[in-house]
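Structural overview for review
Each chain, written out:
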Amino acid sequence: IVYPTGHVIQVVSAIDDSKIANTTDGSNVTCPPSCDITPSSTSSKVLIMISGWLGKSNLNGGFKLKRNGTSVADKSTSIGSGFMLQDDSPVATEHGIQSFVWNYLDTPSLDTSITYLLTTDSSTTIYWNRSTLQADVCGYSTMTLMEIKG
């Protein structure tokens, strides 16, 4: 079968309900899930779709998307580096959670197994898939990868 450019070749997805409450200053925390894909060609692109839940956090840093351990789509400022940098959380209450969604079209130029994962960079506090004060106020996070024919 010959697919046209832009055709979705494969889709993989992962879901996770791990609750993270990290208050170690300057830490780098992995926010599950991670997801693996093996592109069929080095010309393929990979569309990464991430969703999760943030409790009221004082991130003072950023989120990084890593491909096989290397950050992609980074910005750098005085509070850290990553694709999104934040000081205080916009969540109004310590009992609530806010949705977190980010999409990125990557051009990995690989036809071997790739692992994508989300991490924090220099965070002060992070509450992932749970509220700050109540672990029972929680949600699932997902990562979906789509191989797009290049």
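Report follows, based on the coordinates. (Residues numbered from 1 in each chain as written. Predicted model: local features only at pLDDT ≥ 70, side-chain atom pairs only at ≥ 80, totals over all residues. Heavy atoms only, no water.)

What about the nonpolar core?
- In this structure, Ile48, Ile50, Phe63, Phe100, Tyr116, Trp128 and Leu145 are the most contacted members of the largest nonpolar core, which totals 22 residues.
- Only β3 (30-37), β4 (45-55), β5 (58-67), β10 (97-106), β11 (114-121), β12 (126-128) and β13 (141-148) provide two or more residues apiece to this core.
- In terms of residues, this core owes the most to one element, β4, which gives four residues. (Core = buried A, V, L, I, M, F, W, Y, C linked by side-chain atoms within 4.5 Å. Buried < 20%, exposed > 50% of the residue type's maximum accessible area, 1.4 Å probe, protein only. Helix = DSSP H or I, 4+ residues; strand = E, 2+ residues; numbered from the N terminus.)

Overview of the pattern of salt bridges
- Inspection of the entire model under this criterion finds one salt bridge.
- Of the charged contacts in the structure, one is a salt bridge between aspartate 106 and arginine 67, with a shortest N-O distance of 2.7 Å. Highlighted residues: aspartate 106 in strand β10 and arginine 67 in strand β5, separated in sequence by 39 residues.
- Taking relative accessible area as the criterion, aspartate 106 reaches 2% and is therefore assigned buried. (Salt bridge = Lys/Arg side-chain N within 4 Å of Asp/Glu carboxyl O.)

Observations concerning a nonpolar patch on the surface
- Together, Ile1, Tyr3 and Ile9 give the surface a local cluster of nonpolar side chains, amounting to about 320 Å² of exposed area.
- The topology assignment puts isoleucine 1 in the segment before β1 (8-16).
- Judged by relative accessible area, which is 89%, isoleucine 1 ranks as exposed. (Patch = residues over 30% accessible without salt bridge, like charges linked within 9 Å, V, L, I, M, F, W, Y side chains within 5 Å. Areas by Shrake-Rupley, 256 points an atom, 1.4 Å probe, with all protein chains shown as cover.)

Description of the packing of aromatic side chains
- With the rule as written, the count across this model stands at four aromatic pairs.
- Seen in terms of ring centroids, phenylalanine 63 and phenylalanine 100 are 4.7 Å apart; in terms of plane orientation they differ by 45 degrees. Their pairing is tilted. Of the two residues, phenylalanine 63 is situated in strand β5 and phenylalanine 100 in strand β10; the sequence distance between them amounts to 37 residues. Here phenylalanine 63 matches phenylalanine 100 in class, with each residue buried.
- Relative to tryptophan 128, the ring of phenylalanine 63 has its centre 6.1 Å away and its plane inclined at 50 degrees; by these criteria the two rings are tilted. In this pair, phenylalanine 63 is assigned in strand β5 and tryptophan 128 in strand β12, connecting sequence segments 65 residues apart. Neither residue differs from the other here; phenylalanine 63 and tryptophan 128 are each classed as buried.
- A connected cluster of aromatic rings, assembled from ring pairs, spans Phe63, Phe100 and Trp128. (Phe/Tyr/Trp six-rings, centres within 6.5 Å; stacked < 30°, edge-to-face > 60°.)

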